[in-house]
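# Residue-level structural notes
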Protein chains: 2
Amino acid sequence: MPTKGAALRVEEVGAVASAQHLLLCDPRIEDWAEAAAQTHLDARQKAHVAEALRTHRRAIRLPSALAETLARQSAHTQMVWEAARPDSDLAAFLPELKKLLALKQEEADALRTEEQTRYDALLDDFEPGAKAEKIDQVFCKLRSGLVGLRRRILDDTRVPVAFDGDFPPEAQLALARRVGGIFGYDWDAGRLDQAAHPSSSGTGGDVRITTRIDAADPQECLFSTLHEVGHAVYEQTLDPERRLLPADVYASMGVHESQSRLFENQLGRSRAFCAWLYPVLTETFGATGARSADELFEIVNTVRPGFIRTDADEIHYNLHIMMRFDLERELIAGALDVGDLPDAWNARFLADFGLEVPDAKSGCMQDVHWSAGLFGYFPTYALGNIYAGELHAALRRDLPDLDQQLSAGELGAVLDWLKQRIHLPGRVKPGADLIAEACGQMPSEGPLLTYLEQKYLTRG
Amino acid sequence: MPTKGAALRVEEVGAVASAQHLLLCDPRIEDWAEAAAQTHLDARQKAHVAEALRTHRRAIRLPSALAETLARQSAHTQMVWEAARPDSDLAAFLPELKKLLALKQEEADALRTEEQTRYDALLDDFEPGAKAEKIDQVFCKLRSGLVGLRRRILDDTRVPVAFDGDFPPEAQLALARRVGGIFGYDWDAGRLDQAAHPSSSGTGGDVRITTRIDAADPQECLFSTLHEVGHAVYEQTLDPERRLLPADVYASMGVHESQSRLFENQLGRSRAFCAWLYPVLTETFGATGARSADELFEIVNTVRPGFIRTDADEIHYNLHIMMRFDLERELIAGALDVGDLPDAWNARFLADFGLEVPDAKSGCMQDVHWSAGLFGYFPTYALGNIYAGELHAALRRDLPDLDQQLSAGELGAVLDWLKQRIHLPGRVKPGADLIAEACGQMPSEGPLLTYLEQKYLTRG
């Protein structure tokens, strides 16, 4: 966006939020739901009515002026963040974040029901029905498992192999397109472009994705694309004919993230898929630095602590998330002041990662979420990993020849399994319940930890 | 857009139209206007109130269901057109156009005031306050002038010079950016990208433009860009701080088009600017086929009849417009059936251009406008040319050294003149009145014809 566009964009975002709030608050929604309840509804129709009522009742708890102010302050804070981040300019950023946090607290107080904490009320936007306390219990166990696992992995003092070759951007994009197709991306219902940040947007018949390219490392483009393809296939599968009904949307952000992480990690970075990928990579780029499928598997699963969440490996990623989850709960509860955030961040990072944060852009200013008002979003990333762990275990149980399929570049059975159990149901129940029904047990950290142990402790 | 995205887009466009209509119909707008009228308002504030009331009263005449149906049918017809055009598939296109036309007639009947014809009611969307009958009178005189002029130009049997060289796309884009900057485009308030169709969109601090490149002919990219820069500079100049007030928008589509055509033709294709452009082109591309500034001027002002409006030269362009204006008035009045449109088009084209239309994609299916429901839009293109003729004559009067400035690549005085008289006033009066005030006389075809005669009959 051009720099001078920022001011007007804030106004526009506010105007759209206000118009949207007006529509969601329409008192006739209650009447329509009541009338519908007098007729015979099947389970799916009931889910549509319930979801419509949920968003309506949530909207009417929020004063219209606050909805608009929040949208404007979020847009504004995000722009300030964008300008301030390159210089780690906390002095410019924190005062705006402080204003935004106060509005988010006000929003949470307006939204929360008797059973919800302030934070739960915000979390509900991204993971309907979830409770922070319950998530915290699972995260604690995940954290202790990951910390132990990381120690054992980092004790391995062998010099890791790395990519070394010539990876022309055009060839990387062509490979990403090919792999995207194998993983079920429908090219008639989307397109792939390059952008500063990988992303997926849209739904039904128009789900566009972006990726980015590192000319020295083909992982960036390939696995970023696979991640976005995971999100996109979910949205593409939701039937375009029904897409405007309230429950015909993704179940929750955690379930959404489970699809992208499953594609990217459990499937895309598997030893079996590396067996398919190795000859293709060599054919595409010539010498890559990987001299075998096993070496390729080692390279794409290198574990190394770092400051940036989006660059993190499977072991460190959830540690990044959990510290953000803890810090944002304190911020929302009023127990941590925005002014103290940088110090709190750096202290926690040193404790969790053993590294001194050099500057705010590698620390508390690295993510867009808080500046955009997305408090309550972070835990859904780790929930997504936990759900992906469950789905992966269930897939291996239901498809005993999964490795054979992956090493042949055949994803049809996996996609069909996901489509029936995850994609088509839409938003009929809380994300955790949907995963439980698909996998046969309430989701916990167990399968994810088991998968990580097997993958990282049996290598070489 | 991905092909499978079409269906959902129709729904979305309908939903947005419906939400917009709801806001525009808010009965409190009358109350607010009445309350404002009780206070002291300056002329500009009065213009804001008047424009708000105008759009409100227009909206309430339109039934909400019709507003939504129209938006959906327009979006749908446009998609059908896009798919059908490459094969000139009239059988697929015309039935949808027929449905859309019926809705437009219904809309016009709902909207028209006592002083307006059906067609006037639609025209009012693009050229507020204009009347088709008055436009028709001016067009008749323009038409007879153009037809005589064209005969005399085409009588010249010299073989025209043409571009002949190597024009790398990157260098064309760089040149377009440089020339765009000279013509006042603010690169901090916009960006230039390549696309299938040249366009300008947005307002205030975010006005983005697209262009397209013909590797064999640098005119396409350069003058398409200049055209869009003309639109964009108008939008960029409207003060971003005030951009959400009702009258702080462009005066009319005709005035908008006058800016793009003035930049593209009267200024960009002038002999004086060719004197600046010639050495720059040679420096950029080496040999271009033009051996002097005069030859460059000849090349960029070649007159040749053709089927496609957007490819037309300055002489033929308005003939294209006037036949569309006549045909669409007959369609809206119900005097011409959609089924008879192709024959009517082809007969008129033969009469006006002396050419047999080979297929519908070179004929009545070439433009997006009718398929998008934009009946009443076409005349604003020719009005834009007429306004540009007036502005150009006034600029030459007020800036006696204009040619010297153009040949030095200096547009500052021109831009300042336009800014004060055209850009900053916004929508305070009908487009024709704004031009009249800027130029000292009510706009007529005279100055445009005089300019064309001087340019095309004194060459060589």
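A short tour of the structure in this document, coming up.

Rules used throughout
- Residues numbered from 1 in each chain as written.
- Chains lettered and ligands numbered in written order.
- Predicted model: local features only at pLDDT ≥ 70, side-chain atom pairs only at ≥ 80, totals over all residues.
- Heavy atoms only, no water.
- Contact = heavy atoms within 4.5 Å.
- Buried area = accessible area lost by both parts, 1.4 Å probe.
- Salt bridge = Lys/Arg side-chain N within 4 Å of Asp/Glu carboxyl O.
- Polar contact = N/O pair within 3.5 Å; in protein donor to acceptor, adjacent residues only side chain to side chain.
- Helix = DSSP H or I, 4+ residues; strand = E, 2+ residues; numbered from the N terminus.
- Nonpolar A, V, L, I, M, F, W, Y, C, P; charged D, E, K, R; others polar.
- Least-squares fit on C-alpha atoms with pLDDT ≥ 70 in both.
- Pairing = 2+ DSSP bridges.
- Axes fitted to C-alpha atoms, helices over the stretch in contact; angles between N-to-C directions.
- Buried < 20%, exposed > 50% of the residue type's maximum accessible area, 1.4 Å probe, protein only.
- Parallel < 35°, antiparallel > 145°, perpendicular 65-115°, else oblique.
- Expected span 1.5 Å × (residues − 1).

## As for the interface of chain B and chain A
Bring the parts together and some accessible area is lost; that lost area is often taken as the interface size. The interface of chain B with chain A comprises 20 residues on the first partner and 20 residues on the second. For the chain B face of the interface with chain A, the top three residues by lost area are P2, K4 and L8 of chain B, together amounting to 31%. Inspection of the region where chain B meets chain A yields 2 salt bridges. In this structure, the connection of chain B to chain A is made through 8 residue pairs in polar contact (both at pLDDT 80 or more). For the side of chain B that touches chain A, the elements supplying multiple residues, two or more each, are α1 (6-24) and β3 (206-211) of chain B. Ranked by residues supplied to the side of chain B that touches chain A, first place goes to α1 of chain B with 5 residues. Partitioned by chemical class, the residues of the side of chain B that touches chain A number 8 nonpolar, 5 polar and 7 charged.

## Details of the pattern of salt bridges
Residue and element names in this part refer to chain A. Tallied over the full model, the rule gives 70 salt bridges over all chains. Note that E30 is salt-bridged to R57, the shortest N-O span being 2.9 Å. Of this pair, E30 sits in helix α2 (residues 28-37) while R57 is found in helix α3 (residues 43-60), placing the two residues 27 residues apart along the sequence. Among the charged side chains, a salt-bridge network with shared partners connects E51, R54, R58, D124, D125 and R427.

## Details of the relation of the copies chain B and chain A
Once turned by 180° and shifted 0.1 Å along the axis, chain B lies on chain A with an RMSD of 0.0 Å. The relationship between the two copies is best expressed as a two-fold rotation axis. For chain B, the smallest separation between a C-alpha atom and the rotation axis is recorded for A19 of chain B, amounting to 3.9 Å. When you check the interface residues of chain B against chain A, 100% turn up at the interface there too, and the contact is symmetric in its surfaces.

## Let's talk about the sheet that holds β3 of chain B
Residue and element names in this part refer to chain B. On the basis of which strands lie adjacent, the open sheet formed by 3 strands has the order β1-β3-β2 and mixed pairing. Since the sheet does not close on itself, it has two edges, and those belong to β1 (192-194) and β2 (199-203), each with one partner. Geometrically, the sheet is characterised by an average inter-axis angle of 20° between neighbouring strands, direction not taken into account. Sheet analysis places β1 next to β3, joined by 3 bridges and oriented parallel. What sits directly across from D193, in β3, is T210. Running at roughly 165° to β3, helix α9 (residues 218-237) makes contact with β1, β2 and β3 of the sheet.

## Examining helix α12 (residues 293-300) of chain B
Residue and element names in this part refer to chain B. By the criterion of burial, α12 is predominantly enclosed, with 6 of the 8 residues buried. For α12, the set of buried residues is E295, L296, F297, E298, I299 and V300. Check the buried side of α12 and you find it contacts α9, α11 (271-285) and α19 (446-457).

## A closer look at the packing of helix α15 (residues 379-398) of chain A against helix α19 (residues 446-457) of chain A
All names here are of chain A. It is the contact of α15 with α19, at a shortest axis distance of 7 Å, that shows an interaxial angle of 75°. Here α19 runs roughly perpendicular to α15, going by the angle between their axes. On the side of α15, the interface is formed by N385, I386, G389, E390, H392 and A393, while α19 contributes P447, L448 and Y451. Its residues assigned to classes, the contact of α15 with α19 shows 5 nonpolar, 3 polar and 1 charged.

## Here we look at the side chain of R58 of chain A
All names here are of chain A. Topologically, R58 is positioned in helix α3. A relative accessible area of 10% means that R58 is categorised as buried. When sequence neighbours within four positions are dropped, the list of residues in contact with R58 reads L111, A121, D124 and D125.

## Regarding helix α3 (residues 43-60) of chain B
Residue and element names in this part refer to chain B. The terminal C-alpha atoms of α3, which comprises 18 residues, lie 26 Å apart, in line with the 26 Å expected from a rise of 1.5 Å per residue. Buried residues along α3 sit in contact with α1, α2 (28-37), α5 (90-111) and α6 (118-123). The distance from a side-chain oxygen at the start of α3 to the backbone nitrogen of R44 is 3.1 Å, and the residue carrying that oxygen is D42.

## Quick notes on unusual backbone geometry
Here the phi dihedral of S88 of chain A falls at roughly 50°; this positive angle occurs in a residue that is not glycine. Assignment of secondary structure puts S88 of chain A in the loop between α4 (64-84) and α5 (90-111).

That is the geometry; function is a separate question.
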